[in-house]
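Here are the chains, one letter per residue:
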Amino acid sequence: MTGYIDSHAHLFSEEFQDDFDAVIQRAKNSDVNRIMIMCTRMDEARRAMAFAAEDPKRYQVAVGIFPDDVDHAEEWYPEFEELIQNPGIAAVGEIGLDYHWVQDKKKEQQELFARQIESAKKVHKPILVHARDAMQDCFDIMKQHQAKGLMHCYSGSAEMAAEFTKMHIYISLGGVITFKNARRAREVCAAIDSSFLLSETDCPYMAPEPFRGTKNEPCRIPLIVAKMAEIRGIPEEDMKQMIYENYDRFLKEPA
Ligand SMILES: [Zn+2]
């Protein structure tokens, strides 16, 4: 199987409750053949795993305690730690740091991030990292723990992206690269070691142009990959194939 990759889709969030089957069908029709389903709740992950088990090559499931939920971490951790041992969980995420929404709990977030990295290492699974206004701290913690995984919806500089890829950390880009004012994301896309580049929607958020502001879904991936190919000056088909191979390799590189 080949096809497009969506490395970050919140398919089991409430926003897709009413049109789930149609969204899945549109993804298939658009040749989006591998999707990482992101779960931020344990019961959400169990539902996603039951669905993904029907076609495990096509669907992967990730679960993690999101930095905004740092207050629930103690309560949720035992179930999280048990769940990630399940072969139905492919990766741990999204985890990381968010100083945009939660500014007063930086230390707690850093501890939770480091703790989840160590838990991912124990079960030999890669991590998917959310970094918002916290790129340097994320980098430092990942370096300190020698963690492997991917930076989702990467918003840092091209220089920092090069530092991440040196540590075998993948860089995933989404709809932002299609936005008019997204010079930095396009610089990253142009400069990065292409064997570490991945595509994502972050749906239901971050719809690419010309759908900016609407509910996003996996079938929008071809618009993002077309933009990546244009930026790198290569045929779209080559870009698509490269990302497919990158994703396969990414899944086999545990934290
Ligand atoms: Zn997400």
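Residues numbered from 1 in each chain as written. Predicted model: local features only at pLDDT ≥ 70, side-chain atom pairs only at ≥ 80, totals over all residues. Heavy atoms only, no water.

Q: In this structure, what is going on with the overall build of the protein chain? I would like to understand it.
A: Scanning the protein chain from terminus to terminus reveals 9 helices and 8 strands. Whereas a compact globule of 255 residues would reach a radius of gyration of roughly 18 Å, the protein chain reaches 17 Å, a difference of no more than 12%. With the C-alpha coordinates of the protein chain rotated into their principal frame, the extents come out at 45 × 40 × 30 Å. Here the protein chain holds 255 residues, and 57% of them are scored as buried. Here the protein chain displays about 11,100 Å² of accessible surface, and carbon together with sulfur accounts for 48% of that area. Placing the 31 positive and 43 negative side-chain charges of the protein chain at their respective mean positions leaves the two points 4 Å apart. (Helix = DSSP H or I, 4+ residues; strand = E, 2+ residues; numbered from the N terminus. Rg over C-alpha atoms; globule rule 2.2 N^0.38 Å. Buried < 20%, exposed > 50% of the residue type's maximum accessible area, 1.4 Å probe, protein only. Areas by Shrake-Rupley, 256 points an atom, 1.4 Å probe, with all protein chains shown as cover. Lys, Arg positive; Asp, Glu negative; His and termini not counted. Charge placed at Lys NZ, Arg CZ, Asp CG, Glu CD.)

Q: Sorry if this is basic, but what is going on with the pairing of strand 7 (residues 169-173) here?
A: If a strand is regular, its side chains alternate between the two faces of the sheet. Summarising burial for strand 7: 5 of the 5 residues are buried, a large majority. The side-chain alternation of strand 7 yields two buried faces, one formed by Ile169, Ile171 and Leu173 and the other by Tyr170 and Ser172. Relative to strand 7, strand 6 (residues 149-151) runs parallel, the two sharing 3 bridges. The residue of strand 7 that forms the bridge with Leu150 is Tyr170. (Pairing = 2+ DSSP bridges.)

Q: Looking at this structure, how should I read the coordination of the zinc ion?
A: Ideal geometry at a metal gives 109.5 degrees between four tetrahedral donors and either 90 or 180 degrees between six octahedral ones. Looking at the zinc ion, the protein donor atoms are His8 (NE2), His10 (NE2) and Glu94 (OE), and they sit 1.9 to 2.1 Å from it. All donors of the zinc ion come from a single chain, and their spacing in sequence reads H-x1-H-x83-E. Neither residue differs from the other here; His8 and His10 are each classed as buried. (Donors = N, O, S within 2.8 Å, 3.2 Å for Na, K, Ca; no water.)

Q: What is the right way to look at the sheet that holds strand 7 in this model?
A: Across a sheet, strands are paired by hydrogen bonds formed along the backbone, either parallel or antiparallel in direction. The 8 strands lie next to each other as 1-2-3-4-5-6-7-8, forming an open sheet whose pairing is parallel. Each edge of the open sheet carries a strand with a single partner, namely strand 1 (4-9) and strand 8 (197-199). Averaged over all adjacent pairs, the angle separating strand axes in this sheet is 25°, with direction ignored. Contacting strand 4 (91-98) and strand 5 (127-132), helix 4 (residues 106-122) runs over the sheet at an angle of about 160° to strand 4. (Axes fitted to C-alpha atoms, helices over the stretch in contact; angles between N-to-C directions. Contact = heavy atoms within 4.5 Å.)

Q: Looking at this model, I keep getting lost on helix 2 (residues 42-52). Mind explaining?
A: Residues spaced three or four apart along an α-helix face the same direction, because each turn holds 3.6 residues. Of all the residues in helix 2, the buried ones are Met42, Glu44, Ala45, Ala48, Met49, Phe51 and Ala52. Tucked inside the fold, the buried residues of helix 2 contact helix 1 (20-29), strand 2 (32-39), strand 3 (59-63) and helix 3 (73-83).

Q: Could you clarify how one ought to interpret empty space enclosed by the protein in this entry?
A: In this structure the tally under the stated criterion is 1 cavity of 30 Å³ or more. What the largest cavity holds in volume is close to 30 Å³. Surrounding the largest cavity, Ile65, Phe66, Pro67, Val70, Gly96, Gln109, Leu112, Phe113 and Gln116 form its lining. Residue composition of the lining of the largest cavity, grouped by class: 6 nonpolar, 3 polar and no charged. (1 Å grid on protein atoms, 1.4 Å probe; cavity = no way out; pocket = protein on both sides within 12 Å on 5 of 7 lines; lining within 4 Å. Points joined across faces, edges and corners; volume = space filled by probe spheres on them. Nonpolar A, V, L, I, M, F, W, Y, C, P; charged D, E, K, R; others polar.)

Q: How should the layout of surface pockets be read in this particular structure?
A: Over the atoms a probe the size of a water molecule is rolled, and this reveals where empty space is left. The computed volume of the largest pocket comes to approximately 970 Å³. Lining the largest pocket are 39 residues, and of these Phe66, His130, His152, Asp202 and Tyr205 lie nearest its centre. Those elements that provide at least two residues to the lining of the largest pocket are helix 2, strand 4, strand 5, strand 7 and helix 7 (183-191). Tallied by class, residues from the lining of the largest pocket come to 14 nonpolar, 10 polar and 15 charged.

Q: It is not clear to me how the environment of Pro210 should be interpreted in this structure. Could you clarify?
A: Topologically, Pro210 is positioned in the loop between strand 8 and helix 8 (221-232). Assessed through its relative accessible area of 63%, Pro210 is described here as exposed.

Q: It is not clear to me how the pattern of salt bridges should be interpreted in this structure. Could you clarify?
A: Opposite charge on two side chains makes pairing possible when the charged atoms of those side chains draw close. Overall, the coordinates contain 14 salt bridges when judged by the stated rule. Measuring nitrogen to oxygen at the nearest pair gives 2.7 Å for the salt bridge that ties Lys240 to Asp31. On the criterion of sequence distance, the pair formed by Lys240 in helix 9 (residues 236-251) and Asp31 in the loop between helix 1 and strand 2 is long-range, its members being 209 residues apart. Among the residues examined, Lys240 registers a relative accessible area of 11% and is labelled buried. Accessibility expressed as a relative area gives 27% for Asp31, which makes it partly exposed. Across the pair Arg41 and Asp69 runs a salt bridge whose closest N-O atoms are separated by 3.0 Å. With a gap of 28 residues between them, Arg41 in the loop between strand 2 and helix 2 and Asp69 in the loop between strand 3 and helix 3 connect regions that are remote in the sequence. (Salt bridge = Lys/Arg side-chain N within 4 Å of Asp/Glu carboxyl O.)

Q: Explanation requested: unusual backbone geometry in the structure shown.
A: Most of the time, phi is negative for any residue but glycine, and the peptide bond is trans. Between Gly93 and Glu94 the backbone carries a cis peptide bond, its omega angle lying at 5°. Inspection of the secondary structure puts Glu94 in strand 4. Residue Pro210 is reached from Glu209 by a cis peptide bond, and omega for that bond is 5°. With phi around 65°, Met206 is a residue other than glycine that occupies positive phi space. Given the relative accessible area of 34%, Met206 is considered partly exposed.

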